[in-house]
Amino acid sequence: KKKKMKKLSLLFAIILLNSCQPTIEPQQSNEDIASALKENAVILQNAILEQNLEVFNKYVDKNITFTTGDSNLSEFYNMGSDRFDLEQKAVWGEFELYDINVNLSPDSKTAVLTFYAKGDYTVGEGDSIDYSTRASSVWIATEKGWKIMHSNWAPFEGGTGIPE
């Protein structure tokens, strides 16, 4: 009877211990993370161009400063909702991000994206200006999803960035 009781106690302890273990969610593969980040970069950039604050806020975190440097090579600044109130000098015709590459940190919680952008814009009644830049951004995995922390843009191969 004692052996049976010990076996039951042991079985109960194992069941109890297993039930207390946190559920481990399956990790996304690096390929899935890279794919999602490429999509995030495009959506975020479109939100900025379209001044869509609701979508913009999905990819920024109020606790993480988002710094950026524009393709006109002006000083770095903090990018936030207050920038949406500024008058836009450029009126965009086309705008496209392409050749987006994602490099993940060893723990897959930080990512550096490198990419290019092309398109065209006008300023006032002026002629259309061809836009060509190379860029990078840094994204951080948070409890609320991937959030951008930094981006940097510069003219590419004789291209023109945005107006000052």
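Each remark here, short or long, concerns the structure printed above.
No experiment lies behind these values; they were computed from the predicted model shown.

The rules behind these values
Residues numbered from 1 in each chain as written. Predicted model: local features only at pLDDT ≥ 70, side-chain atom pairs only at ≥ 80, totals over all residues. Heavy atoms only, no water. Helix = DSSP H or I, 4+ residues; strand = E, 2+ residues; numbered from the N terminus. Contact = heavy atoms within 4.5 Å. Areas by Shrake-Rupley, 256 points an atom, 1.4 Å probe, with all protein chains shown as cover. Pairing = 2+ DSSP bridges. Core = buried A, V, L, I, M, F, W, Y, C linked by side-chain atoms within 4.5 Å. Buried < 20%, exposed > 50% of the residue type's maximum accessible area, 1.4 Å probe, protein only. Salt bridge = Lys/Arg side-chain N within 4 Å of Asp/Glu carboxyl O. Axes fitted to C-alpha atoms, helices over the stretch in contact; angles between N-to-C directions.

Digging into the overall build of the chain
So, point 1. Counting its regular elements, the chain contains 3 helices and 6 strands.
So, point 2. Taking all contacts inside the chain whose residues are at least 6 apart in sequence as the whole, residues at least 24 apart take part in 57%.
So, point 3. Here the chain has roughly 11,300 Å² of accessible surface; of this, 52% comes from carbon and sulfur atoms.

Points about the pairing of strand β4 (residues 110–123)
So, point 1. Of the pairings in the sheet, the one linking strand β3 (residues 90–104) to β4 comprises 12 bridges and is antiparallel in character. Within β4, the position partnered with Asn103 by the bridge is Val112.
So, point 2. Counted between consecutive antiparallel strands, the loop separating β3 from β4 contains 5 residues, among which Ser108 sits at a positive phi close to 60 degrees.
So, point 3. Linking β4 to strand β5 (residues 129–142), which pair antiparallel, is a turn of 5 residues; within it Gly124 sits at a positive phi near 60 degrees.

Points about the nonpolar core
Soluble globular proteins tend to pack their nonpolar side chains together in the buried interior.
So, point 1. Counting 31 residues, the largest nonpolar core has Leu37, Phe56, Leu97, Leu113, Trp139 and Trp153 as its most contacted members.
So, point 2. In this structure Leu113 touches Leu37, Ala41, Ile100, Asn101, Val102, Ala135, Ser136, Ser137 and Trp139, once residues within four positions along its chain are discounted.

As for unusual backbone geometry
So, point 1. Of note in the backbone geometry, Leu73 takes a positive phi value of approximately 65 degrees without being a glycine.
So, point 2. The topology assignment puts Leu73 in the loop between β1 (67–69) and β2 (77–78).
So, point 3. The residue Asp99 is not glycine, and still its phi comes out positive at about 50 degrees.
So, point 4. Within the secondary structure, Asp99 sits in strand β3.

Looking at the environment of Glu96
So, point 1. Note on placement: Glu96 falls in strand β3.
So, point 2. Judged by relative accessible area, which is 38%, Glu96 ranks as partly exposed.
So, point 3. A sequence separation of 50 residues divides Glu96 from Asn46, and the C-alpha atoms of the two residues are 9.1 Å apart.
So, point 4. Excluding residues that lie within four positions of it along the chain, Glu96 makes contacts with Tyr116, Ala117 and Lys118.

Examining the pattern of salt bridges
So, point 1. On inspection of all chains with the given rule, the structure shows 1 salt bridge.
So, point 2. A salt bridge links Lys118 to Glu96; its shortest N-O distance comes to 4.0 Å. With Lys118 in strand β4 and Glu96 in strand β3, the pair connects residues that are 22 residues apart, well separated along the chain.

Overview of the sheet that holds β5
So, point 1. Here 6 strands make up an open sheet; going across it, the order is β2-β1-β6-β5-β4-β3 and the pairing mixed. One side of each edge strand has no neighbouring strand; the edge strands of this open sheet are β2 and β3.
So, point 2. Here β1 pairs with β2 via 2 bridges, running antiparallel. Residue pairing across strands places Thr67 opposite Asn78, the latter belonging to β2.
So, point 3. This element, helix α2 (residues 30–49), spans β3, β4, β5 and β6 (145–155) of the sheet and lies at about 160 degrees to β3.

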